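Okay, here's what each chain looks like letter by letter:
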Amino acid sequence: MKGNWHIVAMAVTVSIITVLASNYLFVACYIIWLGYLFFKRRLRKATFLLASAFLCFFLLYTPKIQDSQPGFSETSLPEQSFIGQISGPIEKKPTHIQFTFEDNATNQRYLVMYFRNDASETLNSSHLKSGATCEFQGVPERPNPSTNPGEFNYRYYLASKKITYQVNLNALHDVTCTGQDLFHRFYNLRENLSTYIDIRVSSNTSAWMKGLVLGDDSAIPEDTIELFQRWSLSHLLAISGLHVGLFVAFLYFALIKLNLLTKEKAQWLILFLLPAYAVVAGGEPSIWRASMMVVCFILLRKFKRAFSYTDVLSFVFLLFVLINPYMVYHVGFQLSFLVTLGLLLSQKWLSNSNSLIEQGLKISFVAQMMILPLLFHHFYIFQPLSVLVNTLVVPYFSVLVIPSMFLFLLISPFPIINVFDKLFSMAQNLLLTLLTFFDDYVNYPWTMDGMAIEFVAVYYGLFFVFMYYVQNKDNKNAFVAGSTIVIFVSYFVAIPYFSPYGVVTMLDIGQGDAYVVELPYRKGVFLIDAGAGVSFPERTPTNSKYKQIIQPYLKSRGVTKLDAIIITHKDIDHSGSFQYLAEEYKIDRIIVSDYYQIDQSSRDLWNQKNIAVQRVKQGDQLNLGGQQLHVLAPMNEKGSPNENSIVLLSEFGGKSWLFTGDIGREEEKELMRSYEHLSIDVLKVAHHGSSSSSDDAFLEHIGPEIGLISAGRNNRYGHPTEEVIAGLENVEATILRTDKDGAVQFVFTQEAGTFYKFLP
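Along each chain, residue indices are assigned from 1 in the same order as the chain's sequence is written. Note on the predicted model: pLDDT of at least 70 is required for a residue's local features to be given, and 80 or more for side-chain atom pairs to be given and counted; whole-chain, interface and lining totals, by contrast, use all residues. Derived side-chain values reflect all non-hydrogen atoms in the structure, with water molecules and hydrogen atoms excluded from consideration.

*Asks:* I keep staring at the overall build of the chain and nothing clicks. Help me out?
*Replies:* Only DSSP runs of H or I covering at least 4 residues are called helices, and only runs of E covering at least 2 are called strands; the numbering of each starts at the N terminus. Of regular secondary structure, the chain possesses 26 helices and 26 strands. The atom set for the radius of gyration is the C-alpha atoms, and the globule formula is 2.2 Å times the number of residues raised to the power 0.38. Scaling as 2.2 N^0.38, a compact globule of 760 residues should have a C-alpha radius of gyration of about 27 Å, and the chain matches this with 29 Å. Seen through its principal axes, the chain has C-alpha atoms that stretch 95 × 65 × 55 Å. Counting over 760 residues, the chain shows a buried share of 49%. Residue contacts follow a heavy-atom distance rule, with two residues in contact if any of their heavy atoms lie within 4.5 Å. In the chain, of all internal contacts separated by at least 6 residues, the share reaching a separation of at least 24 is 67%. Only the protein chains shown count as cover for residues, and all accessible areas are computed by the Shrake-Rupley method using a 1.4 Å probe. If you sum the accessible surface of the chain, you get close to 36,700 Å²; carbon and sulfur atoms cover 58% of it. Only four residue types enter the charge count: Lys and Arg as positive, Asp and Glu as negative, with His and the chain ends excluded. Taken as the charge centre is NZ of Lys, CZ of Arg, CG of Asp or CD of Glu, depending on the residue. For the chain, the separation between the mean place of its 60 positive charges and that of its 66 negative charges on side chains is 17 Å. Only protein chains enter the area calculation, which uses a 1.4 Å probe; residues under 20% of their type maximum are buried, those over 50% are exposed, and those in between are partly exposed.

Encoded structure:
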């Protein structure tokens, strides 16, 4: 088996992919390949049998996450009593506390949460400890599913951790707990170290120290984390092999050079300290993978056994998935093992580098190419220039930043830390300025909503063929294979530009409107409204709807530029997300009515971003990417944002569409008088289904076949009202509404189209 453990690891990987994709083609191909190797006597019988056994075992052992109730639960479960143990650390967030709880009676896992009543509330959670036996009462609830394309699926995320229900506590003191486990000491040490770091250094340095030493990036600004994500630098924020290597090297050097321990005893101490550090540093898969590989190498050396790096990586991989098969759903697990595998397989090519710069470029290239399909799948984006940026930034972190963070922790009791603190802040600000420059001026991302698993397999096949030719210095065939990869990936990125299908999407942003129009052949992309949530009591827009729904949707559709944004009126539930869109996307023009009052902050932002402002009135005609939109209203100043809403008439997929903003019944009467023969197939129902609009006479006048209603679930306004629903039913209109159906999409060609609901 020596040197062939990767064959077994491949068998397990094939089983996992087969279960996730529900496609046994991968198993068939692997069995054929395995049989070929065996009959050609290139594989021993023991390896063949073991690989076959693991293949069959993991086909049954790998869990498949399925949601038997994909929509919202209409019935709530009764309050229950829970007795069981806290599993894992107590996570303390600015707004709440949460922990994972395993119930003794059912062996089911729950996410238990308590939210602050107000920002000044002191949370006393000292009785909550890992491993403690606790008792409390609560109502189990199913987490909300995602209701939009591209939206993060929180229910699926919890299910990947074997959690089906969450419980919200009324008060922390309602939970009575006794005892703790060994892990609590490590979690407590982590918390104490975090507090100590906050005291000893500035907030900027503290955020990076906690992120790079303790694996807690919660204090790093969100825009910095997103900047690192866009440029494929997120791996620098996750503790992994580099951090573990530095930790082991420093510890080993200190113990030996200071004559504290012999080499033999130092190695035994490291064997015990590494798992402890993995827990203190957050216990993410990347650090466990690196720690376990070091532990394996030390043990193999002690027992005088020699195994290849690939064998050891395979051991650790098999150990992970055997202990916790749900680990395969963890993004960090996937990225960590893929990058490590790619670097190990490219050892020969990497070692032939003539300089550190050349080697850095090669390492960056292999790492980025290995995770490219995952970047598209999880984040929808890949920056081709990230290979160059990684080459510049990774050495800086490897040689300076990460070692400095460990050093700062050691010298933090001494006054000299203040000098290093300031120097580090200056250097880090310079780096972020450089990255921001790249982000502003050389930002040319490739975006798409991932590839089907079959095409991912083809991609890796092409990449391995390319690397085979590269390592064998067959430049001609390497060029052909590399060009094929570029064409292959480019095809998926360019699909929208060759597709005859357009899409009109009514996003589910709750109590607000956001319509995204994508024309066939990507001739144009524009928005009609983009609402936001509201913070109370200030009544200012928040970025939650944009970050959680609008931005992910645009990324998943490969949208990097907007031809226009039409703001029907100024209410936050229709216009609140425009400032966030303007900050991130190139927008050609903002379209508003003659009666729209532009505030100074919006005017300054639009001028700064070079966004043209176009005002429209009744009778105007808009041409967006060849799509004609007729402006039917406002006809005159009404003195109210709702009544001044822009009303648009257009045609998509052979159907006439009327977008009505938040107009009222008087404006509907004006439309009937001005347009006596107005007949509509699809009506964007005004004001979220409020009874102030959608008069029976108006509905009978236009005779819609489809009524689209964007309204929040269980909203306090009672939208859509029974009166409006009855009126639409009286004209036999099919009603599609976001509070029941989630996002609604109309996929169309020039002649026809079909409506699809996101929720079943």
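Still more to cover.
*Asks:* Hey, could you run me through the state of the cysteines in this one?
*Replies:* Here, disulfide denotes a covalent bond that connects the sulfur atoms of two cysteines. Counting rule for disulfides: a pair of cysteine sulfur atoms within 2.5 Å. For the structure shown, the criterion picks out 1 disulfide. With its sulfur 2.1 Å from that of its partner, cysteine 134 forms a disulfide with cysteine 177. Here the S-S torsion is close to 110°, and the disulfide linking cysteine 134 with cysteine 177 is therefore right-handed. One end of the pair, cysteine 134, is in strand β4 (residues 133-138); the other, cysteine 177, is in strand β7 (residues 176-178), with 43 residues separating them in the sequence. The exposure classification of cysteine 134 matches that of cysteine 177, with both residues buried.

*Asks:* What's the story with the packing of helix α5 (residues 182-200) against helix α6 (residues 203-213) in this structure? I'm lost.
*Replies:* Each pair of packed helices can be summarised by the angle the axes make with each other and by the distance between the axes. Helix axes are fitted only over the stretch in contact, all axes being lines through C-alpha atoms; the angle between N-to-C directions runs from 0 to 180 degrees. One way to put it is that α5 packs onto α6 with a least axis distance of 8 Å and a crossing angle of 155°. If you check the angle between α5 and α6, you find them roughly antiparallel. When you trace α5 past α6, the crossing you get is right-handed. Across the interface between the two elements, Ser194, Ile197 and Asp198 from α5 touch Ser206, Met209 and Lys210 from α6. Side-chain classes are defined by residue name, with Ala, Val, Leu, Ile, Met, Phe, Trp, Tyr, Cys and Pro counting as nonpolar, Asp, Glu, Lys and Arg as charged, and the others, Gly among them, as polar. Taken together, the residues of the contact of α5 with α6 break down into 2 nonpolar, 2 polar and 2 charged. Note on terminology: angles under 35 degrees are roughly parallel, angles over 145 are roughly antiparallel, angles of 65 to 115 are roughly perpendicular, and the others are oblique. With the far helix as reference, a near helix turned anticlockwise by less than a right angle produces a left-handed crossing, and one turned clockwise produces a right-handed crossing.

*Asks:* Looking at this structure, how should I read the environment of threonine 13?
*Replies:* Of note, threonine 13 is situated in helix α1 (residues 5-21). The exposure class of threonine 13 is partly exposed, given its relative accessible area of 32%. The spacing of threonine 13 and leucine 318 is 305 residues in sequence and 9.6 Å in space, taken between C-alpha atoms. Within polar-contact distance, the side chain of threonine 13 engages the backbone oxygen of alanine 9 at 2.9 Å. Any N or O atom pair separated by 3.5 Å or less is treated as a polar contact, with the protein-specific requirement of one donor-capable and one acceptor-capable atom, and with residues adjacent in sequence counted only for side-chain atom pairs.

*Asks:* Help me out: how do you make sense of the sheet that holds strand β22 (residues 682-684) in this one?
*Replies:* Whether two strands pair comes down to DSSP finding at least two bridges between them. Ordered in space as β18-β19-β20-β21-β22-β23-β24, the 7 strands form an open sheet in which the pairing is mixed. What marks the edges here is a single partner per strand, and that holds for β18 (621-624) and β24 (734-737). Strand-to-strand, the axes of this sheet are offset by a mean angle of 20°, without reference to chain direction. Sheet strands in contact with helix α25 (residues 722-730) are β23 (706-709) and β24, and its direction is about 140° off that of β24.

*Asks:* Is there a simple way to explain the sheet that holds β7 in this structure?
*Replies:* Strand pairs in the sheet, formed through backbone hydrogen bonds, run parallel or antiparallel to each other. Strands sit in the order β5-β6-β3-β2-β1-β4-β7 across an open sheet of 7 strands; the sheet is mixed. The sheet is open, and its two borders are formed by β5 (140-141) and β7, each paired with just one other strand. Where strand β3 (residues 109-115) and strand β6 (residues 163-168) come together, 5 bridges link them in parallel fashion. From the neighbouring strand, valine 112 faces β6, where its bridge partner is valine 167.

*Asks:* Looking at this model, I keep getting lost on unusual backbone geometry. Mind explaining?
*Replies:* A negative phi holds for most residues other than glycine; trans holds for most peptide bonds. The step from alanine 633 to proline 634 runs through a cis peptide bond, and the omega angle for that step is 10°. Of note, proline 634 is situated in the loop between β19 (627-633) and β20 (647-652). Histidine 719 connects to proline 720 through a cis peptide bond whose omega is -10°. Along the polypeptide, proline 720 turns up in the loop between β23 and α25. Residue serine 22 is not a glycine yet carries a positive backbone phi of 55°. Along the chain, serine 22 falls in the loop between α1 and α2 (25-39). The phi angle at aspartate 529 is positive, at roughly 70°, despite the residue not being glycine. Positionally, aspartate 529 belongs in strand β12 (residues 525-530).

*Asks:* In this structure, what is going on with the side chain of glutamine 428? I would like to understand it.
*Replies:* Following the sequence through the fold, glutamine 428 ends up in helix α16 (residues 417-441). Given the relative accessible area of 0%, glutamine 428 is considered buried. Once residues within four sequence positions are removed from consideration, glutamine 428 is found in contact with Trp208, Tyr396, Phe397 and Val401.

*Asks:* Even after reading the chapter, I still don't get a nonpolar patch on the surface, so can you show me in this structure?
*Replies:* Patch definition: residues above 30% relative accessible area lacking any salt bridge, with like charges linked at up to 9 Å and the nonpolar side chains Val, Leu, Ile, Met, Phe, Trp and Tyr linked at up to 5 Å. Here, a salt bridge means any side-chain nitrogen of Lys or Arg that lies within 4 Å of a carboxyl oxygen of Asp or Glu. A contiguous nonpolar surface patch, about 600 Å² in accessible area, is contributed by Ile357, Leu361, Leu385, Leu388, Leu392 and Tyr444. Among the elements of the structure, α14 (356-379) and α15 (386-411) are those that each provide at least two residues to the nonpolar patch. Mapped onto the secondary structure, leucine 385 falls in the loop between β8 (381-382) and α15.

*Asks:* For this particular structure, what's the right way to read helix α18 (residues 475-498)?
*Replies:* Given 3.6 residues per helical turn, the α-helix brings residues three or four places apart onto the same face. Over its 24 residues, α18 extends 33 Å from the first C-alpha to the last, a length consistent with the 34 Å expected when each residue adds 1.5 Å. The axis of α18 is deflected most strongly, by about 45°, at phenylalanine 492, and proline proline 496 appears within four residues downstream. Within the span of α18, buried status applies to Ala478, Ala481, Gly482, Ile485, Phe488, Val489, Phe492 and Val493. Looking at the buried side of α18, the elements it contacts are α14, β9 (446-447) and α17 (453-471). To estimate the expected span of a helix, count its residues, drop one, and scale the result by 1.5 Å. In this scheme, the bend at a residue equals the angle between the axes fitted to the seven residues that finish there and the seven that begin there.

*Asks:* What should I look at first to understand helix α11 (residues 309-323) in this one?
*Replies:* When the terminal C-alpha atoms of α11 are compared, their 21 Å separation across 15 residues agrees well with the 21 Å that a helix rising 1.5 Å per residue should span. Three or more residues of α11 are buried, namely Asp311, Val312, Leu313, Ser314, Val316, Phe317, Leu318, Phe320 and Val321.

*Asks:* In this structure, what is going on with the side chain of glutamate 151? I would like to understand it.
*Replies:* Relative to the helices and strands, glutamate 151 is located in the loop between β5 and α4 (154-159). The side chain of glutamate 151 is buried and forms no salt bridge, while arginine 713, the nearest opposite charge, is found at 7.9 Å.

*Asks:* Just checking my understanding: could you explain the pattern of salt bridges for this structure?
*Replies:* If charged atoms from side chains of opposite charge come close, those side chains can pair. For the coordinates displayed, the defined rule picks out 24 salt bridges. Taking the shortest distance from any N to any O, the salt bridge between glutamate 518 and arginine 522 comes out at 3.2 Å. Between aspartate 620 and lysine 617 there is a salt bridge, with the nearest N and O atoms lying 3.6 Å from each other. Judged by its relative accessible area of 43%, lysine 617 falls in the partly exposed class. By sharing partners, the salt bridges in this structure join Lys561, Asp563, Lys586 and Asp588 into a single network.

Geometric descriptors of this kind do not, in isolation, establish any biological role.
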